[in-house]
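Structure at a glance
Here's the letter readout for the chains.
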Amino acid sequence: MSLLEQSLSDAAKAVRAGTVSSTELTRAALDAIERLDPTLRAYISVDADGALARAAQLDARRGKGEPLGLLGGVPVAIKDNMVVRGGATTCASRILDGFVSPYDATVIERLREAGAVFLGKTNMDEFAMGSSTENSAVAATRNPWDTGRVPGGSSGGSAAAVAARMAFGALGSDTGGSIRQPASFCGVTGLKPTYGRVSRYGLVAFASSLDQIGTFSRDGRDAALLLGAIAGHDPRDSTSVKETVPDYGAALDGGVAGLRVGMPAEYFGEGISAETEQAVRAAIAKLNDLGAEVVEVSLPHLDYAVATYYIICTAEASSNLARYDGVRYGRRLDGEGVHDMYRASREAGFGAEVKRRILLGTYVLSAGYYDAYYLKALKVRTLIKADFDRAFEHVDCIAAPTSPTTAFRLGEKLDDPLTMYLLDIYTISVNLAGLPGISVPCGFDQAGLPIGLQLIGKPFDEPTLLRAAHAYQQATDWQRRVPPIVDGGA
Amino acid sequence: MDYEVVIGMEVHVELKTESKAFCGCSTAFGAAPNTHVCPVCLGLPGVLPVLNRKAVEHAVRVGLALGCEISAFSKFDRKNYFYPDMPKNYQISQYDKPLTSTGRLPILVDGAIREIRIRRAHLEEDAGKLLHLDDGTTGVDFNRAGVPLLEIVSEPDLHSADEAVEYLLRLKTLLEYLGVSDCNMEEGSMRCEANVDVRPTGGGPIGDIVEIKNVASITGVKRAIEFEFERQRDLLEMGGTVKRETRRWNPDSARTTVMRTKELAHDYRYFPEPDLVPVVLDRETIERMRETLPELPLARQLRYMNEHGLSEYDSGVLTAQQAAADFYESCARLYGQPKVVCNWVMGELFRLMKERRVGFDTLQVTPTALVDMLKLIDNGTISGTIGKTVIEAMFATGLPPDRIVVDRGLMQISDTAELEKTITAVLEANSKPVADYRGGNEKTFGFLVGQVMRATKGKANPKLVNELLRKALDTGGE
Ligand SMILES: [Zn+2]
């Protein structure tokens, strides 16, 4: 078995036991990147020297008998919207050309402390706006299962890197499904924690009230390990919550017997592909076989989720992205006077999708439209939250498809933003309600593309999601399948 | 037709906190450009603000002192506009749920109290400063970016430039008493904007308001309002209308000029700041803070007028500065006779402090020492005139008055024989005035007293001098 085939947890264990070194793991991952990434374009930047130096340092520490931390010298990848001190952070945008961060994101600090090795920064939709990683100013990432297809977005680079074994795990960010949907498209496990569970300090903001950092991994066990490393209150993020971090690893076992799983009727309606519906229903039946009780629940405001989401996220984005003006860092174009300079810099620096959303956001916040759009969206958001609250009075978690379809072809939906937006219909409401959600592989369609099962939990109840995911993965093996490209096929 | 002016004031004060509103950077004034900055106040990608509780406390104290309602629940909003000295291109401010609202600031107008209604006082962050360099380029200093600001907005209750000045001085004094701001207009820690509307006397609707920005001194505010009153009145008299616009005060030309017209008014696209949680204050905390408020300046002034019998002017001067009032009050408590204390403090002490540029923080004269000096006058050890010499020495050396009197031999001469000797000598040397006096010119008596005092270097007991001199003049000579 290749070094890269083992899970993050197993690799960390092996390093601790001394059967493999951090350097060997890192080198293997770098080799895989060298071999596969020219095709997949999952990475925006790879820091081979830095990663090897760090691995050597960790190996030396281990040699001296010092503890390495939970992640034990295993290499991981970071979505390029989280800042690492001394390195570039681009958000896949030209406007951040030349920007080097003088500080570390909190998650980076915590991963460092846990003994992670950073391979590099992964590709994404520009400023995390998109569902296909085609809106990257760098390149479009390819789906490892079919390089003619998208990996999903916006954390498509991280998903593809983990799926193609070019990293043992990765961080992504999820604003409306940006971890779960690409995880589903790429056949990996993607966890979006409860809003406030993981500090956003150092995550370049897209929509502050929706953004949440989460993990990509091979399975639920690895997700528990990664989440344990990054979760917890951060005094630098006022919206991060002061709840204690449970032992996610310990929460894995125990099975699903007696667990009440809600099945929302609205998630199996119009728009879902037959194959997806079949696979997800089968997965839920599997949970039932394992002892879970399946209960019908209703989330009646699903239809309004997408519209609500696009009002709130574009409003916040229009404000969050105002700082990119060419004055202090990043790309600057000359202009006559300061306003011309802003205009020229932003015109050249932002891609079409980002511009579209800034304009939308500016519009919905404008005097005279605020009440009709933004304020109304906030009210609907409250209703959506209430839907979940009601459902969770009866169930412990909710099971649903992650995406209505499997990965689509590159370019297929690029000129039709509205259809693209609708693809996030199953993931968006979770962000609006601030809940945790996880996507686990639950089957493949006839084209050989992965299908994802989404589990949604109560606030801060990641343990239940991880336990259910783990029980399911113990009983199935979808997560063990490797894209053909990894072994030189496809 | 007569015209009246209606003025509302918007005052921004920088709050005196150690660190900025949303990060740990220092707020100290005068540092080299961009030395008090961090990723947060520079608005770098990925940063988040964390609210400084001290700034909230300061704002609440001001609100309490202004009799405002303190919101148990308030929140921050983003005010979006592009400006190169604003790192994020939005300002974190408070829009629809400010920390404090609906209060009042009492001012004294012609001896009567008038309450100027306060619409709100809310927290926000300051911007940086543009530096126009010699080579024609512009730099930005972000040291000030993120310093907590309190914006205090009044209702349009002021009716003259003088009232506006009174309002600003009262507000400044209040803020200084509360210890929340330096209120230094030169350093920009207090900035005023006046909204001025001129209309025919006797009401009529409030017309389009002209906002005057960039006024850097209280005199400037006065002159700008006076100018604006005349400008708008002249416009109206000629049948014109006043446009809603923002004007800039130019102290050199002593006029206001257009800065922005209504057509170019900003749409700030306010919305709730998603990176900060709302500010929740429980009643108990607010009440506890209310109890820690000092006696406010106007209350103090009225007490000095009613209980100490001081004039409006004197009590106003004494209470304009908390340290001055504290000093005066300590003396008055130790000595009684507030009017005497007031005269010495406002007379000799203030004169010396002004001349020598000494503030209360470095003043060497303590209230006890001053009172000891007054007692020396009362018990005849020194004369009132010598008192002035003693206080000057106390001011310079910090020594107690009795020590100064002994060291310098300033004791009053009450020895009759000694004084008689001096008087004899003075009478001999001034035969003409003596003759004049005896010829019926009472005025020369004062001159002769002065001569005696001079001969004793002011140490002679003036009462005794009077007595003895009168006797000598009236009995001698025939
Ligand atoms: Zn700072």
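So, here is what we can say about the structure in this document. Note that the structure is predicted; figures quoted are calculated from it, not measured.

A count of helical and extended segments in chain A gives 15 helices and 11 strands. Scaling as 2.2 N^0.38, a compact globule of 490 residues should have a C-alpha radius of gyration of about 23 Å, and chain A matches this with 21 Å. The C-alpha extent of chain A, read off along each of the three principal axes, is 65 × 55 × 45 Å. For chain A, restricting intrachain contacts to residue pairs at least 6 apart in sequence, the fraction spanning at least 24 positions comes to 76%. Here chain A displays about 16,500 Å² of accessible surface, and carbon together with sulfur accounts for 51% of that area. Taking the average location of the 49 positive side-chain charges in chain A and that of its 57 negative ones, the two points are 3 Å from each other.

Before going further, it helps to spend a moment on the sheet that holds strand β9 (residues 397–401) of chain A. Residue and element names in this part refer to chain A. Read from one edge to the other, the open sheet built from 11 strands follows the order β1-β3-β2-β4-β6-β5-β10-β11-β9-β7-β8, with strand pairing classed as mixed. Of all the strands in the sheet, the pair left with one neighbour each is β1 (43–46) and β8 (293–297). Pairs of neighbouring strands in the sheet enclose a mean axial angle of 30°, with direction left out of account. Both β9 and strand β11 (residues 450–457) contribute to a ladder of five bridges, which runs antiparallel.

Looking now at the packing of helix α9 (residues 302–320) of chain A against helix α12 (residues 371–391) of chain A. Residues and elements named next belong to chain A. Contact pair α9 / α12: the axes reach a minimum separation of 9 Å and the direction vectors enclose 130°. Comparing the axis directions of α9 and α12 gives the class oblique. Here α9 runs over α12; the crossing is left-handed. Contact with α9, carried on its side by Y304, A305, T308, I311, I312, A315 and E316, involves Y373, Y374, A377, L378, V380, R381 and I384 of α12 and no other residues of that element. Class assignment for the residues of the contact of α9 with α12 results in 11 nonpolar, one polar and two charged.

So, about the environment of P144(A). All names here are of chain A. Counting through the fold element by element, P144 comes out in the loop between β3 (117–122) and α5 (156–163). A residue is classified by how much of its surface remains accessible, and P144, at 1% relative accessible area, is buried. For P144, the contacting residues outside a window of four places in its chain are L40, A160, A163, A164, C186, P483 and I485.

Residue and element names in this part refer to chain B. With respect to the element layout, R303 can be found in helix α5 (residues 297–307). Counting along the chain gives 266 residues from R303 to V37, while the straight-line C-alpha distance between them is 46 Å. With residues up to four places along the chain from it excluded, the contact list for R303 reads E295, H308 and E329.

The next subject is the packing of aromatic side chains. Applying the stated rule across the entire model yields 27 aromatic pairs over all chains. Residues F22(B) and F76(B) carry aromatic rings whose centres are separated by 5.8 Å and whose planes lie at 85° to one another, so their mutual orientation is edge-to-face. A residue pair is termed long-range when its members are at least 10 positions apart, and F22(B) in the loop between β1 (3–14) and α1 (53–65) and F76(B) in the loop between β3 (73–74) and β4 (77–80) qualify at 54 residues. Its relative accessible area of 6% is what places F22(B) among the buried residues. Through a chain of ring-to-ring contacts, the aromatic side chains of F99(A), F127(A), Y324(A), Y329(A) and F350(A) assemble into a single cluster. We note R281(A) situated over the ring of F268(A); from NZ or CZ to the ring centre the distance is 4.7 Å. Taking the ring centre of F408(A) as reference, the NZ or CZ of K413(A) above it sits at 5.2 Å.

The next subject is the interface of chain B and chain A. Counting residues at the interface gives 31 residues for chain B, matched by 40 residues for chain A. Around 2,700 Å² of area is buried between chain B and chain A when both sides are counted, 59% of it from carbon and sulfur atoms. Where chain B touches chain A, the interface holds one salt bridge. R200(A) is paired through a salt bridge with D275(B); the nearest N and O atoms lie 3.1 Å apart. At the surface where chain B touches chain A, the tally comes to 17 residue pairs in polar contact (both at pLDDT 80 or more). Counting residues per element, the ones that place at least two in the side of chain B that touches chain A are β4 and β15 (271–272) of chain B. Taken together, the residues of the side of chain B that touches chain A sort by class into 22 nonpolar, four polar and five charged.

Turning our attention to α5(B). Structural remark: α-helix, 3.6 residues per turn; residues separated by three or four positions point the same way. Residues and elements named next belong to chain B. Burial in α5 covers these residues: P297, L298, R300, Q301, R303 and Y304. Contact partners of the buried residues in α5: β6 (100–109), β7 (112–125), α2 (161–178), α6 (312–319) and α7 (322–335). Directly beyond the C-terminal end of α5, a positive phi value near 70° is found at G309.

Moving on, we get to the coordination of the zinc ion. Residues and elements named next belong to chain B. Summarising the metal site, the zinc ion is bound by the protein donors C23 (SG), C25 (SG), C38 (SG) and C41 (SG), whose distances to it range over 2.3 to 2.4 Å. Here the zinc ion binds four donor atoms, and the angle range of 98 to 115° at the metal identifies the geometry as tetrahedral. One chain supplies every donor to the zinc ion, and in sequence these donors are spaced C-x1-C-x12-C-x2-C. Taken together, the residues C25 in the loop between β1 and α1 and C41 in the loop between β1 and α1 connect sequence positions 16 residues apart. Exposure class is identical for C25 and C41. Each is buried.

With that out of the way, let us pick up α5(A). All names here are of chain A. Counting buried residues along α5, eight of its eight residues qualify, which places the element largely inside the surrounding structure. For α5, the complete set of buried residues consists of G156, G157, S158, A159, A160, A161, V162 and A163. Along its buried surface, α5 packs onto β1, β2 (75–79), β3, β4 (169–173), α6 (180–186) and β6 (213–217).

Basis of the calculations
Residues numbered from 1 in each chain as written. Chains lettered and ligands numbered in written order. Predicted model: local features only at pLDDT ≥ 70, side-chain atom pairs only at ≥ 80, totals over all residues. Heavy atoms only, no water. Helix = DSSP H or I, 4+ residues; strand = E, 2+ residues; numbered from the N terminus. Rg over C-alpha atoms; globule rule 2.2 N^0.38 Å. Contact = heavy atoms within 4.5 Å. Areas by Shrake-Rupley, 256 points an atom, 1.4 Å probe, with all protein chains shown as cover. Lys, Arg positive; Asp, Glu negative; His and termini not counted. Charge placed at Lys NZ, Arg CZ, Asp CG, Glu CD. Pairing = 2+ DSSP bridges. Axes fitted to C-alpha atoms, helices over the stretch in contact; angles between N-to-C directions. Parallel < 35°, antiparallel > 145°, perpendicular 65-115°, else oblique. Left-handed = near helix turned anticlockwise from the far one by under 90°. Nonpolar A, V, L, I, M, F, W, Y, C, P; charged D, E, K, R; others polar. Buried < 20%, exposed > 50% of the residue type's maximum accessible area, 1.4 Å probe, protein only. Phe/Tyr/Trp six-rings, centres within 6.5 Å; stacked < 30°, edge-to-face > 60°. Lys NZ or Arg CZ within 6 Å of the ring centre and 35° of its normal. Buried area = accessible area lost by both parts, 1.4 Å probe. Salt bridge = Lys/Arg side-chain N within 4 Å of Asp/Glu carboxyl O. Polar contact = N/O pair within 3.5 Å; in protein donor to acceptor, adjacent residues only side chain to side chain. Donors = N, O, S within 2.8 Å, 3.2 Å for Na, K, Ca; no water. Tetrahedral: all angles 85-135°; square planar, octahedral: opposite > 155°, others 65-115°.

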